[in-house]
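# Analysis of the macromolecular model
Take a look at the letters that make up each chain.
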Amino acid sequence: PIKQADEGYRWENNLSTLTCLIEKGPENVTAIWTPARQLDIDECEEVGFCGVGSVSCLNTPGSFTCTCRDGYHVNAESNTGKCEDINECAIGAIGYSRCLAKERLGTCSNLQNGYRCSCLSGSYAALDNRKCTACNCTITGVSSQVCDREGSCLCLDRVTGSDCSRCEEGYTNFPI
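Definitions and cut-offs
Residues numbered from 1 in each chain as written. Predicted model: local features only at pLDDT ≥ 70, side-chain atom pairs only at ≥ 80, totals over all residues. Heavy atoms only, no water. Pairing = 2+ DSSP bridges. Helix = DSSP H or I, 4+ residues; strand = E, 2+ residues; numbered from the N terminus. Disulfide = S-S within 2.5 Å. Buried < 20%, exposed > 50% of the residue type's maximum accessible area, 1.4 Å probe, protein only. Contact = heavy atoms within 4.5 Å.

## Overview of the pairing of strand S11 (residues 123-126)
Judged from the 4 bridges that link them, S11 and strand S12 (residues 131-134) form a sheet pairing that is antiparallel. The residue of S12 that forms the bridge with alanine 126 is lysine 131. Here S11 hands over to S12 after 4 residues, with leucine 127 in that stretch at a positive phi of 50°.

## Section: the state of the cysteines
Per the stated rule, a full pass over the model turns up 9 disulfides. What pairs with cysteine 137 in a disulfide is cysteine 153, and their sulfur atoms sit 2.0 Å apart. Here the S-S torsion is close to -95°, and the disulfide linking cysteine 137 with cysteine 153 is therefore left-handed. Placement of the pair is cysteine 137 in the loop between S12 and strand S13 (142-147) and cysteine 153 in strand S14 (residues 153-155), with a sequence separation of 16 residues. A relative accessible area of 13% places cysteine 137 in the buried class. Cysteine 153 sits in the buried class, given a relative accessible area of 8%. Note that cysteine 155 is cross-linked by a disulfide to cysteine 164, the S-S spacing being 2.0 Å. Taking the sign of the torsion about the S-S bond as the criterion, the disulfide between cysteine 155 and cysteine 164, at about -95°, is left-handed. Given a relative accessible area of 0%, cysteine 164 falls into the buried group.

## Focus on the environment of leucine 105
Note that leucine 105 resides in the loop between helix H1 (94-98) and strand S9 (106-111). Through-space distance from the C-alpha of leucine 105 to that of cysteine 119 is 6.2 Å; in sequence the pair is 14 residues apart. Contact partners of leucine 105, with chain neighbours within four places excluded, come to Cys99, Leu100, Cys119, Leu120, Ser121, Gly122, Ser123, Cys132 and Ala134.

## Things to note about unusual backbone geometry
In this structure, leucine 100 is a non-glycine residue whose phi angle is positive, near 55°. Structurally, the position occupied by leucine 100 is in the loop between H1 and S9. Of note, the phi angle at arginine 104 is positive, near 60°, even though the residue is not glycine. Of note, arginine 104 is situated in the loop between H1 and S9. Note on arginine 104: relative accessible area 67%, which makes it exposed.

## Some thoughts on the pairing of strand S5 (residues 54-60)
Of the pairings in the sheet, the one linking S5 to strand S6 (residues 63-68) comprises 6 bridges and is antiparallel in character. Of the residues in S6, the one forming a bridge with serine 54 is cysteine 68. Counting the residues between successive antiparallel strands, the hairpin from S5 to S6 contains 2 residues, one of them, glycine 62, with a positive phi of roughly 75°.

## Some details on the environment of phenylalanine 49
With respect to the element layout, phenylalanine 49 can be found in the loop between strand S4 (38-40) and S5. For the pair phenylalanine 49 and cysteine 66, spaced 17 residues apart in sequence, the C-alpha separation works out to 8.8 Å. Aside from chain neighbours lying at most four places away, what touches phenylalanine 49 is Glu43, Cys57, Phe64 and Lys82.

Take a look at the structure:
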């Protein structure tokens, strides 16, 4: 029966546990059984073995270690040992928080090595679309809860301020 080599190893000369060497002497033939050696497989010889997000691959006896660049990690759950993209949009992750997904003011799109926010009504984009910031509008001074790209609210007539919180000069009785 052929025994499987240990994980991360292969049999020398593709032979199994024992190798039979035949020695011919002057008077008889002798069979000598010797253990076959398991040789380490160098997984890192394969170009790109650790994945697109890898910085390096280090061969170790019977295994390997991948080092990942920012935005990637060795995912313990998948058990591959290779670099995989981090899902920054998963609940509780940085993109989920910065895009205000929980507050329903933005959505998060996971990208290779990052994420992008799409800010919805009631928020505006910041940090190159990597963050949504809630509009801070005074509800009684705005025509809608929408603000512009800098976070300035769309004020009612004769109302002013980036948050629409006061009357224009010459007008009184705010809030309306």
